[in-house]
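Here are the chains, one letter per residue:
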Protein chains: 2
Amino acid sequence: MIVTIDPSSFEPVYLQLARILRDAIEAGEFGPGEKLPSETRLCQQYELGRDAVRDALQVLRSEGAIVTVKGAGSFVRGQSAPEVVRLPENARVTSRMPTADERRSLGVGEGVPVFVVTVGETARVYPADRTVLETSGG
Amino acid sequence: MIVTIDPSSFEPVYLQLARILRDAIEAGEFGPGEKLPSETRLCQQYELGRDAVRDALQVLRSEGAIVTVKGAGSFVRGQSAPEVVRLPENARVTSRMPTADERRSLGVGEGVPVFVVTVGETARVYPADRTVLETSGG
DNA sequence: CCCCATTTGTCCGTATGTATC
DNA sequence: CGATACATACGGACAAATGGG
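Residues numbered from 1 in each chain as written. Chains lettered and ligands numbered in written order. Predicted model: local features only at pLDDT ≥ 70, side-chain atom pairs only at ≥ 80, totals over all residues. Heavy atoms only, no water.

Trainee: Hey, could you run me through the sheet that holds strand β6 (residues 122-127) of chain B in this one?
Mentor: A sheet is described by the order of its strands in space; here five strands give the open sequence β3(A)-β7(A)-β4(B)-β5(B)-β6(B), paired in mixed fashion. Strand pairing shows two members of the sheet lacking a second neighbour, β3 (83-86) of chain A together with β6 of chain B, which therefore form its edges. Each adjacent strand pair in this sheet contributes to an overall mean axis angle of 25 degrees, direction not counted. Bridging between β3(A) and strand β7 (residues 131-134) of chain A involves four bridges; their strand directions are parallel. If you follow Glu83(A) over to β7(A), its bridge partner there is Thr131(A). (Pairing = 2+ DSSP bridges. Helix = DSSP H or I, 4+ residues; strand = E, 2+ residues; numbered from the N terminus. Axes fitted to C-alpha atoms, helices over the stretch in contact; angles between N-to-C directions.)

Trainee: Is there a simple way to explain the protein's contact with DNA strand C in this structure?
Mentor: Residues in contact with DNA strand C amount to 22 residues; listed here are only the nearest, Glu39(A), Val13(B), Tyr14(B), Gly49(B) and Asp51(B). The sugar-phosphate share of atoms of DNA strand C within 4 Å of the protein amounts to 66%. With respect to DNA strand C, the side chain of Tyr14(B) contributes an N or O atom lying 2.7 Å from a phosphate oxygen. For the surface near DNA strand C, the secondary structure elements donating two or more residues are α3 (50-62), β1 (66-69) and β2 (73-76) of chain A together with α1 (13-26) and α3 (50-62) of chain B. For the surface near DNA strand C, the element with the most residues is α3(B), which contributes three residues. Split into classes, the residues belonging to the surface near DNA strand C amount to eight nonpolar, seven polar and seven charged. (Near = heavy atom within 4 Å. Polar contact = N/O pair within 3.5 Å; in protein donor to acceptor, adjacent residues only side chain to side chain. Nonpolar A, V, L, I, M, F, W, Y, C, P; charged D, E, K, R; others polar.)

Trainee: I tried to follow the sheet that holds strand β4 (residues 91-96) of chain A on my own but got confused; where do I start?
Mentor: Working definition: the strands of a sheet are paired by backbone hydrogen bonds and lie parallel or antiparallel to each other. Judged by pairing direction, the sheet is mixed, and its five strands sit side by side in the order β6(A)-β5(A)-β4(A)-β7(B)-β3(B) without closing on themselves. A strand with exactly one partner marks an edge of an open sheet, and here the two such strands are β6 (122-127) of chain A together with β3 (83-86) of chain B. Pairs of neighbouring strands in the sheet enclose a mean axial angle of 25 degrees, with direction left out of account.

Trainee: Quick question: what am I supposed to make of the protein's contact with DNA strand D here?
Mentor: Not every one of the 19 residues close to DNA strand D is listed here, only the nearest: Val13(A), Tyr14(A), Gly49(A), Asp51(A) and Arg54(B). When the atoms of DNA strand D within 4 Å of the protein are sorted by group, sugar and phosphate make up 73%. For DNA strand D, a phosphate oxygen lies 2.8 Å from a polar atom in the side chain of Tyr14(A). Gly71(B) has a polar backbone atom sitting 3.3 Å from a sugar or linking oxygen of DNA strand D. Secondary structure elements with two or more residues in the surface near DNA strand D: α1 (13-26) and α3 of chain A together with α3 and β1 (66-69) of chain B. In terms of residue count, α3(A) provides more of the surface near DNA strand D than any other element does, three residues in total. Among the residues forming the surface near DNA strand D, the class breakdown is six nonpolar, six polar and seven charged.

Here it is, written out as C-alpha cells:
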C-alpha cells in the first residue's frame, strides 16, 4: 500500500510523515536495527523539504522509536533485554526525562526516560529502556 | 552575571543556549510558570539565528523543563501536585515516552514520560509528571 | 593511509499561517 | 483590530562523521 502526504491537510506534513513512518515500524516494515531511508531519500519520495523530514524524525526520536547516527542514518531502536529491579518496601518511584548530561553519563539516547527510585533519603536512577521494576510477589 | 555564546566553541550554539537557559531556570532566575524571553528576543540577545534558538527551546521541551504555547511564549513548567499510586504485589513497572496520540488522550505535554503498571494481564498508564508510585510500607 | 560519496548536524534566510494578547 | 509570538515549511550553505574503495 502506498501512503502519500497531503499538503492541504490540516495535519502538518511533518506529523503525517511521522505517523507514516511510525506505522511502518509498528507493522514490521522496518525491523529493529534496520535503517530508515535517508533524509534526502525521504525528501524526494514524499516531495517534502528537509525541515519537514527532519521534524518528523525528531518526533520519532523523542518517542524513543528511532536512533539517529551522524553520517550513518536513522535506525529502528531495538528493545534491549531489560534488567529486573526488585522494589524494596517504602520505595517511591518517579519518572522524568534526563538532562543532556544525565543522558551521557547513563549512556541512553534521546527519548528514553529515567526511573528515580527513592528509599529513605537515597535515590537511584535507572534508564527506563533497560529496566523493569517489580514489586514483591505474594 | 552575563553569560554569552561562543560561536567558535565545539559545543553547538543551540546546546550552549539550552544549557544557559536550563541553568537559569534551575537557579530560580525564571520561576515556575514564568515566561522566558521570546524567540525573537533570544535571537537578538545572543546574536543567533532562529533555528539555533528554536532548537535550544526544543531541547528544554523534550526534557520537560518548559512548555511552549503558540502565540504566547515559552514558560517554565511548574511541578504539579502528584497523585500517589500504591503499587500492588506482583506489579511490573516500565516507563517510556508516549506517542503523540497518547499525549493527547492523557493530556500531557512534550517531555513527559508515562508509567505502565502491569498486574497480571492488565496494564494501566499514568502520566509521570502527576504520579508517584509507592510500594507498601513495613 | 587517503579519497570520496553519502548522511546527518548545524546555521542562516525567507515566507506564510495561526494563536495570543 | 493590530502587534506580538510561535508553528510550519521551503530554500541554501558548510561542517563533521561514516563507510566503502
